[in-house]
Amino acid sequence: MYNLLKHLLNKRMTKPALALISLSPILFPSSASFQLPSPLLTSRVTDTSLSLSNNQRNGNNNPFSSLMTGLTSSLFSSTPTSLSTRNPSLDKDLTSQISYSWDDIRQTLHSQQTPTERRFRSDLSLGHGPPSPLHKIRLYDSSLNSPSDVRVTLYRDAASWCPYCQKVWMTLEEKRIPYRVEKINMRCYGEKPASFTRMQPSGNIPVAVIDGVTYNQ
């Protein structure tokens, strides 16, 4: 496979071939030996005869068929490859080159964050700060609202990309109406919980419960 990609590169298919060659050790770990750019990040992968010649012997001369076969076998194979095997020598080389710890990284991040960014996680639980799909309750400001002021529960998609849910979400934000969020998966992600389908037999979202009254589609 690696030789095929080099052949494509020589045929002036420069950009796509170069991109595939750079990815080939990851996408096709059993098809070639390779060396990473840095002298310290060097690894070898065993050649296991996933080559074009196998397909030629079987009467398949289509190089793209060979490429896709290698891709699918690499992605879906349950057999671990040497890329997933721990390399003590590589670990040692990397450790010797890294002079900072996780605490150093946290301190660097903290020093570069704005006050709003530092408060982001704590604001989420309180319902404060800029609007975020991670909010479970939205109060906007502690001086204006408290959890007892929430009269709206919005049932929206868990992935936060449903355009119908976003319309309701943006309206609540624009009007600064306090609300709670219950996330319901879309059908493409699996079955909806029975507690939701009892309230909304069609399973469609969004649904809003306002002062105990359910507003659905």
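These notes cover the structure that comes with them. Source: prediction; values computed, not measured.

A word on the state of the cysteines
Thought 1: Counted according to the given criterion, the structure contains zero disulfides.
Thought 2: For Cys 165, which is in no disulfide, the shortest distance to another cysteine sulfur is to Cys 162 and amounts to 3.6 Å.

Brief notes about the packing of aromatic side chains
Thought 1: With the rule as written, the count across this model stands at one aromatic pair.
Thought 2: A centroid spacing of 5.8 Å and a plane angle of 40° characterise the contact between Tyr 155 and Phe 196, whose relative ring orientation is tilted. Of this pair, Tyr 155 sits in strand β2 (residues 152-157) while Phe 196 sits in helix α10 (residues 194-199), and the two are 41 residues apart along the sequence. The exposure classification of Tyr 155 matches that of Phe 196, with both residues buried.

Quick notes on the pattern of salt bridges
Thought 1: Counting across every chain of the model gives five salt bridges.
Thought 2: Here Asp 123 and Arg 119 are joined by a salt bridge, their closest N and O atoms 3.7 Å apart.
Thought 3: The exposure class assigned to Asp 123 is buried, which follows from its relative accessible area of 11%.
Thought 4: Linking Asp 211 and Arg 151 is a salt bridge whose minimum nitrogen-to-oxygen distance equals 2.6 Å. Of this pair, Asp 211 sits in the loop between β4 (207-210) and β5 (213-215) while Arg 151 sits in the loop between β1 (137-138) and β2; the two residues are 60 residues apart in sequence, bridging distant segments of the chain.
Thought 5: Asp 211 gets classed as partly exposed once you look at its relative accessible area, which sits at 47%.

Topic: the pairing of β4
Thought 1: Sheet analysis places β2 next to β4, joined by four bridges and oriented antiparallel. When the sheet's bridge partners are listed, Val 152 is paired in β4 with Ile 210.
Thought 2: Here β4 runs beside β5; their pairing, made up of three bridges, is antiparallel. By the bridge assignment for β5, Val 209 is matched with Thr 214.

Notes on the nonpolar core
Thought 1: Of all hydrophobic cores here, the largest spans 10 residues; its members are Tyr 155, Cys 162, Cys 165, Ile 184, Met 186, Phe 196, Met 199, Ile 205, Val 207 and Val 209.
Thought 2: Where this core is concerned, the elements lending two or more residues are α10 and β4.
Thought 3: Residues within four places of Val 209 in sequence aside, it is in contact with Arg 151, Val 152, Thr 153, Tyr 155, Met 199 and Thr 214.
Thought 4: Counting residues in hydrophobic clusters, the runner-up holds seven residues, among them Tyr 140, Leu 154, Trp 169 and Leu 172.

Here's the deal with unusual backbone geometry
Thought 1: Of note, the bond from Ile 205 into Pro 206 is cis; its omega dihedral lies within 30 degrees of zero at 10°.
Thought 2: With respect to the helices and strands, the residue Pro 206 is situated in the loop between α10 and β4.
Thought 3: Positive phi, normally seen in glycine, also occurs at Tyr 140, with a value near 70°.

Notes on the sheet that holds β2
Thought 1: Strand order in the open sheet made by the five strands is β1-β3-β2-β4-β5, with mixed pairing throughout. Each edge of the open sheet is held by one strand with a lone partner, namely β1 and β5.
Thought 2: Relative to strand β3 (residues 179-184), β1 runs antiparallel, the two being bridged by two bridges. Each residue of the ladder has a partner; that of Ile 137, found in β3, is Arg 180.

Some remarks on the side chain of Asn 145
Thought 1: Tracing the sequence through the fold places Asn 145 in the loop between β1 and β2.
Thought 2: Taking relative accessible area as the criterion, Asn 145 reaches 17% and is therefore assigned buried.
Thought 3: A distance of 2.7 Å separates a polar side-chain atom of Asn 145 from the backbone oxygen of Leu 139.

Observations concerning a nonpolar patch on the surface
Thought 1: A cluster of nonpolar side chains, namely Leu 94, Ile 98, Tyr 100, Trp 102 and Ile 105, defines an oily patch on the protein surface of about 540 Å² accessible area.
Thought 2: Inspection of the secondary structure assignment puts Ile 105 in helix α6 (residues 102-112).

Reading the values: rules and limits
- Residues numbered from 1 in each chain as written.
- Predicted model: local features only at pLDDT ≥ 70, side-chain atom pairs only at ≥ 80, totals over all residues.
- Heavy atoms only, no water.
- Disulfide = S-S within 2.5 Å.
- Phe/Tyr/Trp six-rings, centres within 6.5 Å; stacked < 30°, edge-to-face > 60°.
- Helix = DSSP H or I, 4+ residues; strand = E, 2+ residues; numbered from the N terminus.
- Buried < 20%, exposed > 50% of the residue type's maximum accessible area, 1.4 Å probe, protein only.
- Salt bridge = Lys/Arg side-chain N within 4 Å of Asp/Glu carboxyl O.
- Pairing = 2+ DSSP bridges.
- Core = buried A, V, L, I, M, F, W, Y, C linked by side-chain atoms within 4.5 Å.
- Contact = heavy atoms within 4.5 Å.
- Polar contact = N/O pair within 3.5 Å; in protein donor to acceptor, adjacent residues only side chain to side chain.
- Patch = residues over 30% accessible without salt bridge, like charges linked within 9 Å, V, L, I, M, F, W, Y side chains within 5 Å.
- Areas by Shrake-Rupley, 256 points an atom, 1.4 Å probe, with all protein chains shown as cover.

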